[in-house]
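One letter stands for each residue in the lines below.
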Amino acid sequence: MEHDQVREVDPDVADALENEVDRQRSSLQMIASENHVSEAVLDAQGSALTNKYAEGYPGERYYGGCEFADEIEQLAIDRATELFGPEHVNVQPHSGTQANQAVYFSILEPGDKILSLDLTHGGHLSHGHPANFVGQLYDVEQYEVDAETGYVDYDGLAEQAAEFEPDIIVSGYSAYPREIEWERIQDVADDVDAYHLADIAHITGLVAAGVHDSPVGIADFVTGSTHKTIRAGRGGIVMCDEEYADGIDSAVFPGGQGGPLMHNIAGKAVGFKEALEPEFEDYAEQTVANAKALGEQLAENGFSLVSEGTDNHLVLVDLRESHPDTSGGDAEDALEAAGIVLNGNTVPGETRSAFNPSGIRAGTPGLTTRGFDEDDCRTVADLITRVIDNPTDEDVREEVREEVDRLCDENPLYE
């Protein structure tokens, strides 16, 4: 993948771009929130729509010359509607966090109450962490997963909600390996007269393909990222019933951001079209099958998995029992040196810190895009094991790196 026009103007950036492509080609990208979009999506995101301001919405813009921007945004909206089935879709949020922001801004006042999952138990910064605007603007309490089972404690959530009386309950998580019971959380929200926001950022593609139950039609609001398991243009999406449509649209623009990134919306439209093809369901099913195989092999190799497995695209490994002297950060660094890129992650009952946690999170969306199957993912689990068992052994890293090279050659990316 060449960047000839960039190279003519800026060789330094061209070098970095080509090095990034080589990095993705030659290593295993297992960060659960990442994926490899198609060259068609890349093409759309690098298009002349970069030049276009289109503040407003299709048919109601604040600038002229928006006829093609309107056409593309409407295609993205229509395709998202077909994929997920909501009454209203907004495809303009620049990220999943800004999609969440739009929901909060549309229905909450500063100081209102949010009940969401604790970050160290698999939640997300935009659900209420004090370092994020959510924790600074709103009164946030956080629920937890059961430390013994690794599953959301739905009964404990109900008890906490009854005592806290939140204005909104947030479900949907960034490091939770099990299927989410949307209706149980909706029942809790109904009992305390709260709104329910389901954030499907990680599982957007799994929901679109029908391999994870959908919260659309259950929760009041559904948000997501569009570049993770669904492999579309980078950004966010908000879905809701028609009664909330005007509030959401106003909260996105002008409430939370200015002109939409129309080139990214073009990438969303292209990616959504790809997700409507029958092959995408096969991809989503394989992503889950690969994660199960990865987790099963890691468990067989002696690792402790949070919740003892997975229903989705990721596994969460607690290193404290099997490798008490190795932190998630140490494991991340050693694995990256061997060509396996994932991230250190907090685990329920965390005894270290978010900066040097006790676990690792490994996802299969990117591997599956490259063509990996269950056998490949079992091999990857064995490679991960070899590195974490010998985190400072340079010979082991080199041997694993050679195996990574073989797997990458057998499953090429961006040929």
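Above this text is the structure in question.
Along each chain, residue indices are assigned from 1 in the same order as the chain's sequence is written. In keeping with the model being predicted, local features are shown solely for residues with a pLDDT of at least 70 and side-chain atom pairs are shown and tallied solely at 80 or more, while totals for entire chains, interfaces and linings include all residues. Values shown for side chains rest on all heavy atoms present in the structure; no hydrogens or waters enter the calculation.

Q: Please explain the overall build of the chain as it appears in this structure.
A: Strands are runs of DSSP state E lasting at least 2 residues, helices are runs of H or I lasting at least 4, and numbering of each runs from the N terminus. Within the chain, the regular secondary structure consists of 16 helices and 15 strands. For a compact globule the rule gives 2.2 Å times the number of residues to the power 0.38, and the radius of gyration it is set against comes from C-alpha atoms. Relative to the compact-globule value of 22 Å for 415 residues, the chain shows a C-alpha radius of gyration of 21 Å, a close match. Only protein chains enter the calculation, and the probe is 1.4 Å; a residue is then buried if its accessible area is under 20% of its type maximum, exposed if over 50%, and partly exposed in between. Within the span of the chain, comprising 415 residues, buried residues form 55% of the whole. Expressed as a percentage of contacts within the chain between residues at least 6 apart in sequence, the contacts between residues at least 24 apart total 72%. Residue-level accessible areas treat just the shown protein chains as cover; the underlying method is Shrake-Rupley with a 1.4 Å probe. Within the structure as shown, the chain displays about 17300 Å² of accessible surface, and the carbon and sulfur contribution to it stands at 43%. Charge separation in the chain, taken as the distance between the mean sites of 24 positive and 85 negative side-chain charges, equals 5 Å. We call two residues in contact when some of their heavy atoms are within 4.5 Å. In this tally, Lys and Arg are treated as positive and Asp and Glu as negative; His is ignored, and so are the chain termini. Here the site of a charge means NZ on Lys, CZ on Arg, CG on Asp, or CD on Glu.

Q: Got a minute to help me understand the packing of aromatic side chains in this structure?
A: Stacked, edge-to-face and tilted labels apply to pairs of Phe, Tyr and Trp rings (six-membered ring for Trp) whose centres lie within 6.5 Å, assigned for plane angles under 30 degrees, over 60, and everything in between, in that order. Scanning the entire structure with this criterion turns up 11 aromatic pairs. Their ring planes at 80° and their centres at 6.5 Å tell us that Tyr143 and Tyr173 sit as a pair that is edge-to-face. Here Tyr173 lies in the loop between β7 (168–171) and α8 (182–191) and Tyr143 lies in strand β6 (residues 139–143), a separation of 30 residues in the sequence. One exposure class covers both Tyr143 and Tyr173, and it is buried. Between the aromatic rings of Tyr173 and Tyr176, the centroid separation amounts to 5.4 Å while the plane-to-plane angle is 75°, which identifies the pairing as edge-to-face. When sorted by exposure, Tyr173 lands in the same class as Tyr176, which is buried. A network of ring pairs unites the aromatic residues Tyr104, Phe105, Phe133 and Tyr138 as a single cluster. If you follow Lys113 out to its NZ or CZ, it ends over the ring of Phe164, 5.1 Å from the centre. Here the guanidinium or amino end of Arg231 rests over the ring plane of Tyr283, the centre of that ring lying 3.8 Å away. When the NZ atom of lysine or the CZ atom of arginine is within 6 Å of a ring's centre and also within 35 degrees of its normal, the charge is said to sit over that ring.

Q: I would appreciate a short explanation of helix α2 (residues 11–26) in the present structure.
A: Two residues of an α-helix separated by three or four positions point the same way, owing to the 3.6 residues in each turn. Multiply 1.5 Å by the residue count of a helix minus one, and that product is the helix's expected span. Over its 16 residues, α2 extends 22 Å from the first C-alpha to the last, a length consistent with the 22 Å expected when each residue adds 1.5 Å. Of the positions making up α2, those classed as buried are Ala14, Glu18, Val21 and Gln24. The arc that holds every buried residue of α2, seen down its axis, measures 120°, which confines them to one face. Contact partners of the buried residues in α2: α1 (4–9), β1 (28–29) and α14 (365–370). Directions are taken from the helix axis to each C-beta atom, and the arc is the one they span.

Q: When you look at the pattern of salt bridges in this model, what are you seeing that I'm missing?
A: Side chains that carry opposite charge are capable of pairing whenever their charged atoms lie near each other. In the sections that follow, a salt bridge refers to a side-chain nitrogen of Lys or Arg positioned within 4 Å of a carboxyl oxygen of Asp or Glu. This structure, assessed with the given rule, holds 18 salt bridges. Notably, a salt bridge pairs Arg178 with Asp311, separated by 3.0 Å at the nearest N-O pair. One end of the pair, Arg178, is in the loop between β7 and α8; the other, Asp311, is in the loop between β11 (304–305) and β12 (314–318), and 133 residues separate them in sequence. When the shortest N-O distance is used, the salt bridge between Asp405 and Arg401 registers 3.5 Å. Linking Asp405 with Arg401, this pair stays in helix α16 (residues 394–410), spanning 4 residues, or about one helical turn. Through salt bridges with shared partners, a single network forms among Arg7, Asp15 and Glu18.

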